[in-house]
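What follows is the residue order along each chain.
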Amino acid sequence: MQEKAYKLLAMQEKISNNAAKDLIDKGCVFAMGKKVVIARALMSSKTRFVVQKIKKAKMLFEDDKIIALNKPYGEISENLENVFGAKLINRLDKETSGVLLLSKDEEFRLKCIQEYKKQNVYKSYLAIVDGVIAEELEICEKITTIKNKSGAFSKIDKFGLEAHTQIVPLMVNAKKTLIKAVIKTGRTHQIRVHLNHIKHGIIGDEKYAKISSSRMYLHSYETHIFDYQFKALLDESFNAYGFEIKNLNF
């Protein structure tokens, strides 16, 4: 006998169907060692699910204008507006962790958004990618983004928007590389698309690299805007694949 995944999960966890769908959509549900990615997928009624709990966002900094958070993997950026009573300056995909900015001052928020548009904001990310990257490189491939009801999808396109990503290898282990990516532009899914294009997809990026894992190993590490400089250290999940990264600064 088969049933929709979210209904089976709701029965197992004794939660509502909507809560079960939300957990699956956030990428927190696993069955038989694989992430459940489609809430309505038909699965055996005997399936047992493992639910990965989403951590709470950590406050990095707060003053009368800005709040800087370390967003956990799986959390939807927009949900944090209600939690902290402030509006988003930038956003991260739910699969991405790290520095997220909100503002309590609308005039200041709009100024920040203009800084992003003018490409005046320094942004670096850390990621674990497939394969060995031995030296620094810069990817300058134009990107086009298509948005529809199912979300956004980006691709390399010579008629697209300029996109620049600088890649710095930090550690190599078991044919995986921990890299730092500095983006001079901010196209949708830019780092994921660029890395997949050079055949070094991000571990856990199921949309572009088609690599399954317990999470997507992409983390917004540093953001500098105006006189503010924020840094979100990696959590223990990045110790996967043999990388000892706890409290390291790059």
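Just so it is clear, the model here is predicted, and its values are computed rather than measured.

**Examining the environment of Phe84**
Line of reasoning, step 1. By the element assignment, Phe84 lies in helix α3 (residues 79–84).
Line of reasoning, step 2. For Phe84, a relative accessible area of 22% gives the class partly exposed.
Line of reasoning, step 3. Apart from residues no more than four positions distant in its own chain, Phe84 is found in contact with Ala57, Met59, Ile67 and Leu69.

**Description of the domain arrangement of the chain**
Line of reasoning, step 1. For the chain, the assigned domains are domain 1 (2–51) and domain 2 (58–239).
Line of reasoning, step 2. In this structure, domain 1 and domain 2 have C-alpha centres spaced 28 Å apart.
Line of reasoning, step 3. Each side of the interface is counted separately: domain 1 has six residues, and domain 2 has 10 residues.
Line of reasoning, step 4. Among the residues domain 1 hides against domain 2, the three largest losses belong to Lys26, Phe30 and Lys35. Together they make up 69% of the total.
Line of reasoning, step 5. Where domain 1 packs against domain 2, one counts one salt bridge.
Line of reasoning, step 6. One salt bridge in this structure joins Glu75 and Lys26, with 3.8 Å as the shortest N-O distance.
Line of reasoning, step 7. Viewed at the interface, domain 2 and domain 1 are joined by three residue pairs in polar contact (both at pLDDT 80 or more).

**Focus on the nonpolar core**
Line of reasoning, step 1. Counting 23 residues, the largest nonpolar core has Val129, Ile167, Ile179, Ile191, Leu195, Ile202 and Leu218 as its most contacted members.
Line of reasoning, step 2. Contributions of two or more residues to this core are made by β7 (66–71), β9 (97–103), β10 (122–130), β15 (176–183) and α5 (190–197).

**Considering the packing of aromatic side chains**
Line of reasoning, step 1. Applying the stated rule across the entire model yields eight aromatic pairs.
Line of reasoning, step 2. Centroid distance Phe153 to Tyr208: 5.1 Å. Interplanar angle 35 degrees. Geometry classified as tilted. Here Phe153, found in strand β13 (residues 151–156), pairs with Tyr208, found in the loop between α5 and β16 (218–225); they are 55 residues apart in sequence, far enough to count as distant.
Line of reasoning, step 3. The buried category is assigned to Tyr208, whose relative accessible area is 9%.
Line of reasoning, step 4. Aromatic side chains Tyr228 and Phe230 sit 5.7 Å apart centroid to centroid with 20 degrees between the ring planes, which places their arrangement in the stacked category.
Line of reasoning, step 5. A relative accessible area of 17% means that Tyr228 is categorised as buried.
Line of reasoning, step 6. Of the residues examined, Phe230 reaches a relative accessible area of 6% and is grouped as buried.
Line of reasoning, step 7. In this structure an aromatic cluster arises from ring pairing among Phe61, Phe108, Phe226, Tyr228 and Phe230.

Here is what the cut-offs are and how they apply
Residues numbered from 1 in each chain as written. Predicted model: local features only at pLDDT ≥ 70, side-chain atom pairs only at ≥ 80, totals over all residues. Heavy atoms only, no water. Helix = DSSP H or I, 4+ residues; strand = E, 2+ residues; numbered from the N terminus. Buried < 20%, exposed > 50% of the residue type's maximum accessible area, 1.4 Å probe, protein only. Contact = heavy atoms within 4.5 Å. Domains from an automatic or database assignment. Buried area = accessible area lost by both parts, 1.4 Å probe. Salt bridge = Lys/Arg side-chain N within 4 Å of Asp/Glu carboxyl O. Polar contact = N/O pair within 3.5 Å; in protein donor to acceptor, adjacent residues only side chain to side chain. Core = buried A, V, L, I, M, F, W, Y, C linked by side-chain atoms within 4.5 Å. Phe/Tyr/Trp six-rings, centres within 6.5 Å; stacked < 30°, edge-to-face > 60°.

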